[in-house]
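Chain by chain, the residues run as shown.
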Amino acid sequence: MADIELFRLGAAAEKLPVESPQVEKSLQHLFEKNLEALLGVRFLATEYSTGAVHGGRIDTLGIDEDGSPVIIEYKRSTNENVINQGLFYLDWLMDHKKEFQWLVLDVLGKEAADKVEWSAPRLVCIAGDFTKYDSYAVKQINRSIELIRYRRFGSDLLMIELVHNPRVAAKPALPTPGEAVPKGVPAKDPYLSQRIDYRLGNASPELRELWDSVVDFLMALGDDVQMKEVKLYVAFKRIRNFVCLEIYPQAKTVTAFLKLDPDSVPIEPGFTRDVRKIGHFGTGDLEVVMRSPADFTKAQPLFQRAYDES
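Just so it is clear, the model here is predicted, and its values are computed rather than measured. (Residues numbered from 1 in each chain as written. Predicted model: local features only at pLDDT ≥ 70, side-chain atom pairs only at ≥ 80, totals over all residues. Heavy atoms only, no water.)

(A) View of the layout of surface pockets. Quantified by volume, the largest pocket comes out at close to 670 Å³. Among the elements that line the lining of the largest pocket, the one with the most residues is helix H5 (residues 110–114), at three residues. Along the lines of polarity and charge, the residues of the lining of the largest pocket split into eight nonpolar, four polar and eight charged. (1 Å grid on protein atoms, 1.4 Å probe; cavity = no way out; pocket = protein on both sides within 12 Å on 5 of 7 lines; lining within 4 Å. Points joined across faces, edges and corners; volume = space filled by probe spheres on them. Helix = DSSP H or I, 4+ residues; strand = E, 2+ residues; numbered from the N terminus. Nonpolar A, V, L, I, M, F, W, Y, C, P; charged D, E, K, R; others polar.)

The structure is reproduced here in structure tokens:
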């Protein structure tokens, strides 16, 4: 990484000292104390034991805003192979789903435990720096692995930088238009009509074209944008979600929920709505409803703002 220098401006510019890139134990505690603010992840456990058979301890275990399990590992030295270690824990997690759900139940309650999303569990590796081999390795692995680099300046400033994220965390289902039931989904699934893949498969060609245009625009906002499909919506995120997208074939709308303060946006009935006190899938307090390419064009500055402010 090119060196980043931070200056405090006063009568003269004062360069702030940067601490060693080694991850110290106090940084793990700092992340765990502020996990939701820093990464959009709710804290579940620290140094979580994987049992005597596996003989490991997960540095930090959490669950993100989409309900996906998150394993966080801290790389404490340049030659530590934290990625392979994290992959080992991901496999352990997928073999111990019930144990994880019990943990969520104990810490966050039944509602959160019932909504655990297993389609894309995440591995987040945090380090003072990564080698070129780390960056190369994660690009070859078809798993949801994120690399986050940090710097501390003085005693009260922390910088985090997203070095790598998978552009597509969970490959979005693209069913054939008109497909009644997505492949592999029971026809009697009580949530069938709410599933994003079902709704995509039952959208008209015109509505599907509008959906594709919105997806392409959101992905083009930056190389750090990640698309993540969960059961009921598709999330677009950097480190945290900034837009959640849904499609409604019967209403003929593509609906987005943006992480913007509704008080900062002129509310236009039928196009934008404050949903802070209205239940909905996904994250975001501003609802934007698009019925036509003209609506999509009008929504683009809002999407850009949500990305810039995330």
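On we go from here.
(B) Expanded view of helix H9 (residues 293–309). A rise of 1.5 Å per residue sets the reference length of H9, with its 17 residues, at 24 Å; its end C-alpha atoms lie 25 Å apart and thus fit the reference within 8%. A maximum bend of about 35 degrees is found in H9 at Ala 299, where proline Pro 301 lies one to four positions downstream. Check the buried side of H9 and you find it contacts helix H8 (205–219), strand S12 (241–248), strand S13 (253–258), strand S14 (272–274) and strand S15 (286–290). (Expected span 1.5 Å × (residues − 1). Bend = angle between axes of the 7 residues up to and from the residue. Contact = heavy atoms within 4.5 Å.)

(C) Inspection of the pairing of strand S4 (residues 57–64) at higher detail. Of all eight residues in S4, seven are buried; the element is thus mostly enclosed. Note: strand S3 (residues 41–49) against S4, seven bridges, orientation antiparallel. Opposite Ala 45, over in S4, you have Leu 61 as the bridge partner. The sheet contact formed by S4 and strand S5 (residues 69–75) spans four bridges and is antiparallel. Residue pairing for S5: Thr 60 is matched across the bridge by Ile 72. Linking two consecutive strands that pair antiparallel, namely S4 and S5, is a turn of four residues; a positive phi of about 90 degrees is found at Gly 67 within it. (Buried < 20%, exposed > 50% of the residue type's maximum accessible area, 1.4 Å probe, protein only. Pairing = 2+ DSSP bridges.)

(D) Here's a closer look at the packing of aromatic side chains. Scanning all chains against the criterion turns up seven aromatic pairs. Look at Phe 88 and Tyr 89: their rings are 5.8 Å apart centre to centre, the planes differ by 65 degrees, and that puts the pair in the edge-to-face class. Looking at Tyr 89, the relative accessible area reads 5%, which means it is buried. Clustering of aromatic rings is evident, with ring pairs tying together Phe 217, Phe 296 and Phe 303. (Phe/Tyr/Trp six-rings, centres within 6.5 Å; stacked < 30°, edge-to-face > 60°.)

(E) Examining the nonpolar core more closely. Counting residues in hydrophobic clusters, the biggest one holds 34 residues, and the most contacted among them are Phe 236, Leu 245, Leu 258, Met 290 and Phe 303. Listed by contribution, the elements that provide at least two residues to this core are helix H7 (196–201), H8, strand S11 (234–237), S12, S13, S15 and H9. Once residues lying within four places of it in the same chain are set aside, the contact partners of Leu 245 are Ile 196, Trp 211, Val 214, Val 215, Leu 218, Tyr 233, Val 234, Phe 236, Val 254, Thr 255, Ala 256 and Met 290. (Core = buried A, V, L, I, M, F, W, Y, C linked by side-chain atoms within 4.5 Å.)

(F) Fine view of the environment of Val 243. Relative to the assigned elements, Val 243 resides in strand S12. A relative accessible area of 0% means that Val 243 is categorised as buried. Val 243 has contacts with Leu 218, Val 234, Ala 235, Phe 236, Ala 256, Phe 257, Leu 258, Phe 303 and Ala 306, leaving out every residue within four places of it along the chain.

(G) Up close: the side chain of Ser 68. Structurally, Ser 68 is set in the loop between S4 and S5. Of the polar contacts made by the side chain of Ser 68, one reaches the side chain of Lys 228; its length is 2.7 Å. What Ser 68 contacts, discounting residues up to four positions off in sequence, is Gly 62, Ile 63, Glu 117, Ala 120 and Lys 228. (Polar contact = N/O pair within 3.5 Å; in protein donor to acceptor, adjacent residues only side chain to side chain.)

(H) Structural view of the pairing of strand S8 (residues 157–164). When strand S7 (residues 145–153) meets S8, the two strands line up antiparallel, connected through seven bridges. Note on S8: the bridge partner recorded for Phe 153 is Leu 157. Here S7 folds back onto S8, and the loop between the two strands holds three residues, one of which, Gly 154, carries a positive phi near 65 degrees.

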